[in-house]
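Okay, here's what each chain looks like letter by letter:
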Amino acid sequence: MTSPPAPAEQPHPITGEPFASPVPPGTGWPEDPAAPDTPVARTAADVVRLAGEAAGDLAELEARQSVCRACPRLVAWREEVAATGRRSYAGQPYWGRPVPGWGDAAPWLLVVGLAPAAHGGNRTGRVFTGDRSGDWIFGALHRAGLGGQAESVHAGDGLKLDGARIAAAVRCAPPANKPTPLERDTCAPWLDREVRAIEGSLEVMLALGAFAWDAALACARRLGWTVPAPRPRFGHGAATSLARPGGAPVWLLGSYHVSQQNTFTGKLTEPMLDAVLGSAAELRRSR
Ligand code: SF4
């Protein structure tokens, strides 16, 4: 007979296993990439070092991303949200840790978002999973043939991406969805190393919103890719080619973010999002 969870623990919605909030690394949360002894970055310099050491090892990179504590304000916020939760998710444990990149390990498409949502990725542990924004992007990826199912409800729900990967420019949920410039810059090495690890297969980066667009351009520059001058401006449907030394160029494509602010108001519609993913496939063919 299974013993009831301790009071501080709540059952995972899919597995029923009890977890504290935030979830300790390597304790059985579905898709948790970390182990109890995964090295923890506590400063910006640690992020640079630990991301660099994991270069070329995507699984280790994801693990190290998922335990990072380099931004004090964001660590405090994500853990406070995890500890208090939201009434509509009462009884659920919250991940409460950085949300690592997720999806195909050799993708042709990398979707770049801003940061996890407090009650979305910060609750489920998977990027864009568990909120309305995720319904939009995963629905579109499914219609484009890149996702095995249209819904992404929780880590461990069986969803797989084929040819696509999703990462956030900032890996921790920020208050009011607004990371500071210092937090953006502190987190950037995680994105740099992730893009470096997949650049052999990468053909198109899709930036959701201006923040992700700028983060992708900055990442490209740091990786030594050639960014056109003047700097390409973000827009829905904007596209620019980024030259890579010794490799085929990578396209950067822009889309309005799948935030409720955009989807509720009709600024972004499903046909618009589908068209952007259609453009991504066309750009891929044009390389
Ligand atoms: S935002 Fe990035 S660098 Fe800062 S604590 Fe989270 S994972 Fe670490």
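See the structure printed just above.
J.: If you had to explain the overall build of the chain to someone new, which residues and values would you point to?
T.: Assigned secondary structure in the chain consists of 9 helices and 8 strands. Against the 2.2 N^0.38 benchmark of 19 Å for 287 residues, the chain shows a C-alpha radius of gyration of 18 Å, consistent with a compact globule. Overall, the C-alpha framework of the chain stretches about 60 × 40 × 30 Å when taken along its three principal axes. Within the chain, counting contacts between residues at least 6 apart in sequence, those at least 24 apart form 66% of the total.

J.: Describe helix α2 (residues 58-65), and please don't skip the residues or the numbers.
T.: Within α2, 6 of the 8 residues are buried, which leaves it mostly tucked inside the rest of the structure. Taken together, the buried positions of α2 are Leu58, Leu61, Glu62, Ala63, Arg64 and Gln65. Buried positions along α2 lie against α1 (44-53) and α6 (181-198).

J.: Before we move on, could you go through unusual backbone geometry and cite the residues and values that matter?
T.: The amide bond that connects Ser21 to the next residue, Pro22, takes the cis arrangement and shows omega of -5°. For the bond from Ala229 to Pro230, the omega torsion is -5°, close enough to zero to count as cis. Locating Pro230 in the fold gives a position in the loop between α7 (210-222) and β7 (239-244). Backbone geometry at Phe128 places phi at a positive 60°, although glycine is not the residue there. With respect to the helices and strands, the residue Phe128 is situated in the loop between α4 (121-124) and α5 (132-143). Residue Phe128 is classed as buried on the basis of its 26 C-beta neighbours within 10 Å. Notably, Asn177 is not glycine yet its phi reads approximately 60°, a positive angle. Mapped onto the elements, Asn177 comes out in the loop between β5 (164-168) and α6. With 16 C-beta atoms packed within 10 Å, Asn177 lands in the partly exposed category.

J.: I'd love a proper account of the site of the ligand, names of residues and values included.
T.: Close to the ligand lie 16 residues, the nearest being Cys68, Cys71, Arg171, Cys172 and Cys187. Among the elements of the structure, α3 (72-84) and α6 are those that each provide at least two residues to the shell around the ligand. A total of 4 residues in the shell around the ligand trace back to one element, the largest contributor, which is α6. For the shell around the ligand, the per-class residue count stands at 11 nonpolar, 2 polar and 3 charged.

J.: Describe the pairing of β5, naming the residues involved and giving the relevant values.
T.: Among the 5 residues that make up β5, 5 are buried, leaving the element largely enclosed by the rest of the structure. The two faces of β5 match: Ala164, Ile166 and Ala168 on one face and Arg165 and Ala167 on the other face are all buried. Taken together, the 2 bridges between strand β3 (residues 102-103) and β5 define a ladder with antiparallel strand orientation. Within β5, the position partnered with Gly103 by the bridge is Arg165. Summarising the sheet, strand β4 (residues 109-113) and β5 pair through 5 bridges and their orientation is parallel. Opposite Val112, over in β5, you have Ala167 as the bridge partner.

J.: Hey, could you go over the packing of α5 against helix α9 (residues 270-286) for me, with residue numbers and the actual values?
T.: Between α5 and α9, the least distance of the axes is 10 Å, while the angle of their chain directions is 50°. The angle between α5 and α9 falls in the class oblique. Like other packed secondary-structure pairs, α5 and α9 cross with a definite hand, here right-handed. On α9, the residues that touch Trp136, Ala140 and Arg143 of α5 are Leu273, Asp274 and Leu277. Considered class by class, the residues forming the contact of α5 with α9 number 4 nonpolar, no polar and 2 charged.

Reading the values: rules and limits
Residues numbered from 1 in each chain as written. Predicted model: local features only at pLDDT ≥ 70, side-chain atom pairs only at ≥ 80, totals over all residues. Helix = DSSP H or I, 4+ residues; strand = E, 2+ residues; numbered from the N terminus. Rg over C-alpha atoms; globule rule 2.2 N^0.38 Å. Contact = placed C-beta atoms within 7 Å. Buried ≥ 20, exposed ≤ 12 C-beta atoms within 10 Å, placed from the backbone. Near = placed C-beta within 6 Å. Nonpolar A, V, L, I, M, F, W, Y, C, P; charged D, E, K, R; others polar. Pairing = 2+ DSSP bridges. Axes fitted to C-alpha atoms, helices over the stretch in contact; angles between N-to-C directions. Parallel < 35°, antiparallel > 145°, perpendicular 65-115°, else oblique. Left-handed = near helix turned anticlockwise from the far one by under 90°.

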